[in-house]
There are 2 protein chains.
Amino acid sequence: MDDQRVLLAMLANRLLFVYVVLSQGSCSVSVSATDVPGYKTRYVEVQVDHFSFANPDTFLLRYLVNDTYFKDGGPIFFYTGNEGDIEGFVKNTGLLMEMAPRFGAMVIFAEHRYYGQSMPYGEESFKDPAHLGYLTSTQALADFAVLITRLRKTASGAANSPVFAFGGSYGGMLAAWIRMKYPHLVAGSLASAASIFQYPGITDCEAYSHVATRTFQRSAAGCPGRIRSSWDIIDDLGKTGAGLQNLTSMFRLCERLTADDMPALVDWLVNLWMIYALIDYPYPANFLTPLPAWPVKEACHLIVSNEDVLSGVAAAAKLYFNYTGQTACLDISKPYYGGLAWQYQACTEQIEPICSDGVNDMFPAIPWDLSAFSEACYERWKVRPRPHWAVTEYWGRNISAASNIIFSNGDLDPWSAGCVLKSLSDSLVAIVMEDAAHHLDLRPSNPADPPSVIKARAQEADIIEKWIQEYRAAGL
Amino acid sequence: MDDQRVLLAMLANRLLFVYVVLSQGSCSVSVSATDVPGYKTRYVEVQVDHFSFANPDTFLLRYLVNDTYFKDGGPIFFYTGNEGDIEGFVKNTGLLMEMAPRFGAMVIFAEHRYYGQSMPYGEESFKDPAHLGYLTSTQALADFAVLITRLRKTASGAANSPVFAFGGSYGGMLAAWIRMKYPHLVAGSLASAASIFQYPGITDCEAYSHVATRTFQRSAAGCPGRIRSSWDIIDDLGKTGAGLQNLTSMFRLCERLTADDMPALVDWLVNLWMIYALIDYPYPANFLTPLPAWPVKEACHLIVSNEDVLSGVAAAAKLYFNYTGQTACLDISKPYYGGLAWQYQACTEQIEPICSDGVNDMFPAIPWDLSAFSEACYERWKVRPRPHWAVTEYWGRNISAASNIIFSNGDLDPWSAGCVLKSLSDSLVAIVMEDAAHHLDLRPSNPADPPSVIKARAQEADIIEKWIQEYRAAGL
């Protein structure tokens, strides 16, 4: 749901393919007529550009409010929306509402600019850099800062409400960053799966692939080896007409493969395994797509139990794309997630290199090539990446001056490679959850949740309570 | 030298007059052919807009380097340049070079964008909001962050150098803010006369006038009363032709006063007293203009020793404008400081309200009128102020999450009204210097320095040493 971030890895690596994918994406602005159940829909007027005065435009940022459990002066639980329609995050994030009664908290889900209904220039928002150029994390943080300030001024009973930020994945990065950049506005943050270290020069680009491989290894020891051996087989088949025909039918592809499509097929599969690791939840879920419980285990079972490597791989692909049995054929040109806006962010400031070497991981060797990446971004968006800016703006690995941030991480989640995995101080607390995929702690509670996640949620609630008490005691 | 900030107060109050003054300002870009003695001139390429991608332009930001005392790995003393040509700050800021030998420090003076030679669009920089709109403190801080990152990568022996930021007045605010927003880049900051609380809603707009009045009161108890009584006298004279003639000759004005000029005359005098308090240094200095030691005492002496109130006031004005005896006549339409760029900042994000009530201070009653101010700004610059943005961006009064900032303040300095006057923690240290005007601690040492300033400098050096040691011990 919230995570097309895996595509980013590919964007960095196989440019022409991704270019094709991107150019087919859609950027329509849908306006829903009804509220999300339990939530009121509200809008706040914000500057398109908070940091300069060249552009005086403003727009309406959407946010959702649930004050069912709110008591006067109770905290505001503020979800810092990430790359998607905010309604999706409400559905996939149970923690805030589950904790709200204990705290008497108001729950806010704030939409990220250029997603969902929060379009600075309506239908024109994706037109060109003059319209899309204000899609940056720093501007989004400023939107949230303005919204928090406004809420405390206008929401009944909230004038002295401590605000606690929550987010998962890129939203988790935003939750961490808002505490770093605007600590007067948030008493603390829970940043789940926040890969704030996944930037050039501070995290090895192979780390993500290592964790993904480990997740498959843990599901079935022979699984990564089989996936690794598939690349040569696929490569060989791609060299002959019969082989291409074989691949086409084996993967039940919608379009007959040509030799030119081979890099795209490989990318599509690399992405597939990376996504599997990401969403390896212990119960049936529909996060990016409907899948059974422990999908990596299911996929690996298909892979290792099949005598033929490629048949196993193809079966695992079909599990992902056709678990419900509704999909007639698989389309390798169809993006895993359709949002265009994140692709733009990935081409500008959110440069999170991911690579693989084919030796220490189960993927083919895919180097990180910044200059080719830059060319593709320019061709697609007429912008150039600023690969080192995020490290300057968001403190690189030296976040010791920050405080009151919980960094939670699932050890199955490849994004954990770029996350804060060790506590850095009493108030920069890392929690690593065994057997947990991407921000599992934020999802609605489920009987199948592993003990690590149940424990993490309890620990998080206690820390949140402590920091809110400290905030109140300080009379801030 | 660095302080046209007083004008800002007036900009807020007497709009039409200031509009006239502003429109006479110059914005030429001078390029000096020679280096400042002891300093090498360097340039760093930075984005015009760090926070968006709508505008891909870059420009060269100037900085000055003195590495006379630098030892490999020694600290970088980094002056965060404020609203003026950076060369002026080198001349008026002795502390960095005086401390450099003890620390083996490299000294950097970084110029603020849109001042001196650091013009994003050359001669066109002041043309319209499309060119001038990127003149904001947040963009300037990002320039400095990029420069620090670059210095540590490229300057020989500086890869692991702790950076310590210094600044006075608006530059002091920038020094504080860079530690708040980019703490991974600076081990700590000395923020002198940094009125980071001088914003709407968090500091009473009359506070500045109170301190200015107190400074005059301390120089001569009868002085503020005489100045207060001057306003009615001036007002009465302005009502008749003979009175206007009398005023013109008394102040030896270049242009004969008309009734329409009366608000401008009052503004000019209000500004005069506010500036006097600001630069009440204990030795002859040429900060904004050449003046004797303790100029407020000198001015008050002229005021209280003169039987006629207005004669005394006029004599004090002539002391300020004609201490050297070179000025044939006084021009009330001439701004105290010629820079246009700060006026733009004062019309956009640096909204620092100053007012007076004529009862608890020695000034006429001048209310703060945001809507009139906004109209004048729009007429002049085609921009509207965002009066509450600075409080959102720079944490308002709740800076408790920050660390490693020394706030030093002179108790004669009216800007101290918006400064941090009490220590907020072990690492947010306030130093109030008795008998000191605007950032006297940063100025070159002088035998006439009051004991408070000598003590403050020693304390500052010890704290700087401690924080640098802590930074090194943490292995950051």
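Relevant structure appears above.
This section reports on the structure supplied with the text. These numbers were taken from a predicted model, which means no experiment stands behind them.

About the criteria used
Residues numbered from 1 in each chain as written. Chains lettered and ligands numbered in written order. Predicted model: local features only at pLDDT ≥ 70, side-chain atom pairs only at ≥ 80, totals over all residues. Heavy atoms only, no water. Contact = heavy atoms within 4.5 Å. Polar contact = N/O pair within 3.5 Å; in protein donor to acceptor, adjacent residues only side chain to side chain. Helix = DSSP H or I, 4+ residues; strand = E, 2+ residues; numbered from the N terminus. Nonpolar A, V, L, I, M, F, W, Y, C, P; charged D, E, K, R; others polar. Core = buried A, V, L, I, M, F, W, Y, C linked by side-chain atoms within 4.5 Å. Buried < 20%, exposed > 50% of the residue type's maximum accessible area, 1.4 Å probe, protein only. Least-squares fit on C-alpha atoms with pLDDT ≥ 70 in both. Salt bridge = Lys/Arg side-chain N within 4 Å of Asp/Glu carboxyl O. Axes fitted to C-alpha atoms, helices over the stretch in contact; angles between N-to-C directions. Parallel < 35°, antiparallel > 145°, perpendicular 65-115°, else oblique. Left-handed = near helix turned anticlockwise from the far one by under 90°. Disulfide = S-S within 2.5 Å. Pairing = 2+ DSSP bridges. 1 Å grid on protein atoms, 1.4 Å probe; cavity = no way out; pocket = protein on both sides within 12 Å on 5 of 7 lines; lining within 4 Å. Points joined across faces, edges and corners; volume = space filled by probe spheres on them. Expected span 1.5 Å × (residues − 1).

What follows deals with the interface of chain B and chain A. Contacts between the two partners involve 42 residues from chain B and, on the opposite side, 42 residues from chain A. Between the two partners, chain B and chain A, sit 21 residue pairs in polar contact (both at pLDDT 80 or more). Within the residue set of the side of chain B that touches chain A, elements represented by two or more residues are helix H5 (129-132), helix H6 (137-154), helix H7 (170-181) and helix H16 (389-393) of chain B. Of the residues contributing to the side of chain B that touches chain A, the split by class is 20 nonpolar, 15 polar and seven charged.

This brings us to the nonpolar core. Phe78(A), Trp177(A), Ile196(A), Phe78(B), Trp177(B) and Ile196(B) are the most contacted members of the largest nonpolar core, which has 147 residues in total. The contact partners of Trp177(A), leaving out residues within four places of it in the chain, are Ser137(A), Leu141(A), Tyr170(A), Tyr182(A), Ile196(A), Tyr199(A), Gln350(A) and Tyr394(A). Counting 90 residues, the second largest nonpolar core, distinct from the first, contains Val36(A), Val107(A), Val266(A) and Leu288(A).

On to the relation of the copies chain B and chain A, then. Once chain B has been moved 0.0 Å along the axis and rotated by 180°, it coincides with chain A to within an RMSD of 0.0 Å. On the angle and the small slide along the axis, the relation comes out as a two-fold axis. For chain B, the minimum C-alpha distance to the rotation axis belongs to Lys181(B) and amounts to 2.9 Å. Comparing interface residues between copies, 100% of those in chain B also lie at the interface in chain A; the contact surface is shared.

A separate point is the side chain of Thr289(A). Mapping Thr289(A) onto the fold places it in the loop between strand E7 (285-286) and strand E8 (290-291). Using a relative accessible area of 13% as the deciding quantity, one classes Thr289(A) as buried.

Note that side chains of opposite charge can pair when their charged atoms are close. Taken as a whole and judged by the stated rule, the model has 32 salt bridges over all chains. The salt bridge involving Glu87(A) is made with Arg62(A); its shortest N-O contact spans 2.7 Å. Here Glu87(A) is found in helix H3 (residues 86-92), whereas its partner Arg62(A) is found in strand E2 (residues 58-66), with 25 residues between them in sequence. Judged by relative accessible area, which is 15%, Glu87(A) ranks as buried. Note that Asp462(B) is salt-bridged to Arg102(B), the shortest N-O span being 3.0 Å. Highlighted residues: Asp462(B) in helix H17 (residues 451-473) and Arg102(B) in helix H4 (residues 95-103), separated in sequence by 360 residues. In the salt-bridge network here, residues are joined through shared partners; they are Arg62(A), Asp85(A), Glu87(A) and Glu111(A).

All names here are of chain A. At their nearest, the axes of helix H9 (residues 223-237) and helix H12 (residues 295-305) sit 9 Å apart, and the two run at 65° to each other. The angle between H9 and H12 falls in the class roughly perpendicular. By crossing handedness, the relation of H9 to H12 is classed as left-handed. Of the residues in H12, those in contact with Cys223, Arg226 and Ile227 of H9 are Cys300, Ile303 and Val304. For the contact of H9 with H12, a count of residues per class yields five nonpolar, no polar and one charged.

Another aspect to go through is the state of the cysteines. All chains considered together, the criterion is met by eight disulfides over all chains. Linked covalently through their sulfurs, Cys347(A) and Cys377(A) form a disulfide whose S-S length is 2.0 Å. Taking the sign of the S-S torsion, -80° for the link of Cys347(A) and Cys377(A), the bridge is left-handed. Placement of Cys347(A) in the loop between helix H14 (341-346) and helix H15 (370-381) and of Cys377(A) in helix H15 is noted, with a sequence separation of 30 residues between them. Neither Cys347(A) nor Cys377(A) differs from the other in exposure class; each is buried. The partner cysteine of Cys223(B) in its disulfide is Cys300(B), sulfur to sulfur 2.1 Å. In this structure the cystine formed by Cys223(B) and Cys300(B) twists about its S-S bond by roughly -85°; its chirality is therefore left-handed.

All names here are of chain A. The contact between helix H11 (residues 262-278) and H12 brings their axes to 8 Å, and the two run at 135°. It follows that H11 is oblique to H12 by the angle criterion. Across from Trp273, Tyr276 and Ala277 in H11, the residues of H12 making contact are Pro295, Val296, Ala299 and Ile303. Here the contact of H11 with H12 is composed, by residue class, of seven nonpolar, no polar and no charged.

Let us now look at the sheet that holds strand E6 (residues 188-192) of chain B. All names here are of chain B. Across the sheet, eight strands lie side by side as E1-E2-E4-E3-E5-E6-E9-E10; this open sheet has mixed pairing. Whereas interior strands pair on both sides, the edge strands pair on one side only; in this sheet they are strand E1 (40-47) and strand E10 (428-433). Strand-to-strand twist of the sheet, defined as the mean angle between neighbouring strand axes without regard to direction, takes the value 20°. Pairing analysis gives six bridges linking strand E9 (residues 405-410) to E10, with the strands arranged parallel.

Inspection of the entire model under this criterion finds 14 cavities of 30 Å³ or more. Within this model, the largest cavity holds a volume of roughly 100 Å³. In terms of residue class, the lining of the largest cavity is built from ten nonpolar, two polar and two charged. The computed volume of the second largest cavity comes to approximately 80 Å³. Phe51(A), Thr138(A), Leu141(A), Lys181(A), Tyr182(A), Glu393(A), Phe51(B), Thr138(B), Lys181(B), Tyr182(B) and Glu393(B) together form the lining of the second largest cavity. Residues of the lining of the second largest cavity, tallied by class, amount to five nonpolar, two polar and four charged.

Residue and element names in this part refer to chain A. End to end, helix H7 (residues 170-181) covers 16 Å across twelve residues, agreeing with the expected 16 Å (1.5 Å per residue, within 8%). Counting buried residues in H7 gives twelve out of twelve residues, a clear majority hidden from the surface. Every buried residue belonging to H7 is among Tyr170, Gly171, Gly172, Met173, Leu174, Ala175, Ala176, Trp177, Ile178, Arg179, Met180 and Lys181, and all of these are buried.

The analysis is restricted to geometry; functional conclusions fall outside its scope.
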